[in-house]
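Listed here are the chains, written in short residue letters.
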Amino acid sequence: MSFYIGKHINHPEILFSAILSFCYFYYLFLPSKIFVRMLDLDTKVHDESRQGEAFAPATTGTQTYTKKFYIESYGCAMNFNDSEIVASILGEEGYGPTRNAEEASLILLNTCSIREKAEQTVRKRLTEFKKIKQQTPGMLVGVLGCMAERIKGKLLEEEKLVDLVVGPDAYRSLPALIAEAGTGQKSVNVLLSREETYGDISPVRLDNNGVTSFVSIMRGCNNMCSFCVVPFTRGRERSRDAYSIVREAEDLFANGYREVTLLGQNVDSYYWTSNDGSETITFAMLLEKVALINPLLRVRFSTSHPKDITDEVLFTMLKYDNICNYIHLPVQSGSSRILQLMNRTYTREWYIKKVDRIRELIPDCGLSTDVITGFCTETEEDHQETLSLMRYARYDLSYMYFYSERPGTLAERRYTDDVPEEVKKRRLAEVVALHRDISQENMLKEVGQTFKVLVEGTSKRSDEQLFGRNDQNKVIVFPKENFKKGDYVMVKVESCTSGTLIGKAVV
Ligand code: SAM
Ligand code: SF4
């Protein structure tokens, strides 16, 4: 069977950061793969290396399928997790997954709209499918996710080969939409829901390491950051039934998984009330429930909005060893004036206090962030404030972008996108360079320390080496000996590259 490797670079604006971060993975992968792996950013939440990845299930069940579907996913981890839900819905209809688009009768692109470039990549990809569709009678092509939601039925006019347009809250209607499209009619469902969480659907796990997995705990976002399209494409925030989340994590643990990442655009505002109103569960309570499943199950979460992460969450992290000491706390800008225009609802000073509180309660907490350069009206002074805040917070990881105006957002309606592109990019390069220096210093500090590492697999660089992560989400490589995937191993760090700690197991 010929395999299609669906990797596409859809966010070259963060290419700078990818290049500077590639050492993170260098130790794990062969030099011959450097140019592909350069985009293996050090994130599991928005993983550049997985952009455009074609779906393949982690386990092949015994089920036989009459039809095949092919799906590529773009954007954030929530989108990848949604593709697992789509795979589950299609499985019920007799569709099995394939990584070979040519043998599929249904091609789906699960899309992202966060930056303009993300949409351009999908449009280019659609043109590449034209030929395959012409050669395969009856083949249907569908666009799912945020781009479907943003452009809606207009996509059918703009992209003639598209048969289905399905928004993130409408995946349950996929079987009916496919049947309708099969009769030659184009079909669209982009209705956003206030209730849909897909809580009762067991996602079919994407091809992964069988050790770590994502679990969506909520959908949508109520925050209305002025630059962001998410509230328009993924709708209002709603929290998933806490017990269905715990069940999903229990099942994962029973199937050998040893780490779950609880996913949401703003996990700290998770708030679930039972139907009879007798029970309410906050994010801290949910974290505790998942942590209690088994001490061997590591728990991570993403993303935390700085305005919402509470002491209750920090104390829960402290209480359970298996809740990882790692927080993704996007700052976006270090200037209070820009933060206000961004509608982030915190100031520079407030953010700094949050960082101080995290460091006070959890001194060894890993910290990462998102930064946008060149937002509307950003001056050199504002930019310097971003740099100084980065120096203060000393992030281990940063996801750095230059501002991309999105149609329909508050910023597009209220402000002028007035920072020239070359200035946005120059500032981004400065942010990336500073981040590289800081993260390198952070890595050097770890040399000589011993960490508990969850093994995720064999290093691609050498069969004799394993790789995993410590609590703070740093990648550690060490000699295999008799250890295997899913083991916890105490590893003493002996050296490092800019992105990888290198050590030896200790007893
Ligand atoms: N909900 C998360 C939060 O509040 O941090 C992040 C969601 S968004 C999918 C991921 C990141 O994309 C944001 O934190 C922001 O840095 C970046 N982003 C969003 N809209 C953008 C835009 N219009 N231009 C550039 N970067 C953008
Ligand atoms: Fe977008 Fe802000 Fe919501 Fe994050 S919190 S998804 S940046 S609106």
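Relevant structure appears above.
This structure is a prediction, so every number in the text was calculated from the model and none was measured. (Residues numbered from 1 in each chain as written. Chains lettered and ligands numbered in written order. Predicted model: local features only at pLDDT ≥ 70, side-chain atom pairs only at ≥ 80, totals over all residues. Heavy atoms only, no water.)

A. Expanded view of the pairing of strand β17 (residues 397-402). The element β17 is extensively covered by neighbouring structure, given that six of its six residues are classed as buried. Burial of the side chains of β17 extends over both faces: Leu 397, Tyr 399 and Tyr 401 are buried on one face and Ser 398, Met 400 and Phe 402 on the other. Bridge analysis of strand β16 (residues 366-373) against β17 gives six bridges, and the strand direction is parallel. Following the sheet pairing, Thr 373 is matched in β17 by Phe 402. In this fold, β16 hands off to helix α15 (residues 380-393), which returns the chain to β17; that crossover is right-handed. (Buried < 20%, exposed > 50% of the residue type's maximum accessible area, 1.4 Å probe, protein only. Helix = DSSP H or I, 4+ residues; strand = E, 2+ residues; numbered from the N terminus. Pairing = 2+ DSSP bridges. Right-handed = clockwise from strand over helix to strand, strands pointing away.)

B. Region of interest: the site of ligand 1. Taken together, 15 residues form the shell around ligand 1, and within it Gln 265, Pro 330, Gln 332, Asp 370 and Ser 404 come nearest. In the environment of ligand 1, a nitrogen atom lies 3.0 Å from a nitrogen or oxygen atom belonging to the backbone of Phe 227. Measuring from an oxygen atom of ligand 1, one finds a side-chain N or O atom of Gln 332 at 2.7 Å. Those elements that place two or more of their residues in the shell around ligand 1 are β16 and β17. Partitioning the shell around ligand 1 into residue classes produces seven nonpolar, four polar and four charged. (Near = heavy atom within 4 Å. Polar contact = N/O pair within 3.5 Å; in protein donor to acceptor, adjacent residues only side chain to side chain. Nonpolar A, V, L, I, M, F, W, Y, C, P; charged D, E, K, R; others polar.)

C. Quick peek at the packing of aromatic side chains. Applying the stated criterion to the full structure yields ten aromatic pairs. Consider the rings of Tyr 70 and Phe 129, whose centres lie 6.0 Å apart with planes at 70°: the pair is edge-to-face. Taken as a pair, Tyr 70 in strand β2 (residues 67-73) and Phe 129 in helix α5 (residues 116-135) lie far apart in primary sequence, 59 residues in all. Taken as a pair, Tyr 70 and Phe 129 share a single burial class, namely buried. Clustering of aromatic rings is evident, with ring pairs tying together Phe 227, Phe 375, Tyr 403 and Tyr 415. When the ring centre of Tyr 488 is taken as origin, the NZ or CZ atom of Lys 452, which lies over that ring, is 5.0 Å away. (Phe/Tyr/Trp six-rings, centres within 6.5 Å; stacked < 30°, edge-to-face > 60°. Lys NZ or Arg CZ within 6 Å of the ring centre and 35° of its normal.)

D. Representation of the sheet that holds strand β15 (residues 326-328) in the model. In spatial order, the strands read β15-β16-β17; together these three strands make up an open sheet with parallel pairing. Strands with a single pairing partner mark the edges of an open sheet, and in this sheet they are β15 and β17. Taken over all neighbouring pairs, the strand axes of this sheet differ in orientation by 10° on average, direction set aside. (Axes fitted to C-alpha atoms, helices over the stretch in contact; angles between N-to-C directions.)

E. Representation of the environment of Lys 133 within the structure. With respect to the helices and strands, Lys 133 occurs in helix α5. For the pair formed by Lys 133 and Leu 161, sequence separation is 28 residues and the distance between their alpha carbons is 7.9 Å. Those residues within four positions of Lys 133 in sequence are excluded, and the remaining contacts are Met 139, Val 141, Leu 161 and Asp 163. (Contact = heavy atoms within 4.5 Å.)

F. Expanded view of the state of the cysteines. A full pass over the atoms with the stated rule returns zero disulfides. Cys 112 supplies the cysteine sulfur nearest to Cys 146, a cysteine that is in no disulfide, at a spacing of 6.3 Å. (Disulfide = S-S within 2.5 Å.)

G. A look at the side chain of Asp 268. Looking at the element boundaries, Asp 268 is found in the loop between β11 (259-263) and β12 (271-273). Buried charge without a salt bridge: Asp 268, with Lys 354 as the nearest opposite-charge side chain at an N-O distance of 8.4 Å. If sequence neighbours within four positions are ignored, Asp 268 has contacts with Phe 283, Thr 303, Ser 304, His 305, Asp 308, Ile 309 and Val 313. (Lys, Arg positive; Asp, Glu negative; His and termini not counted. Salt bridge = Lys/Arg side-chain N within 4 Å of Asp/Glu carboxyl O.)

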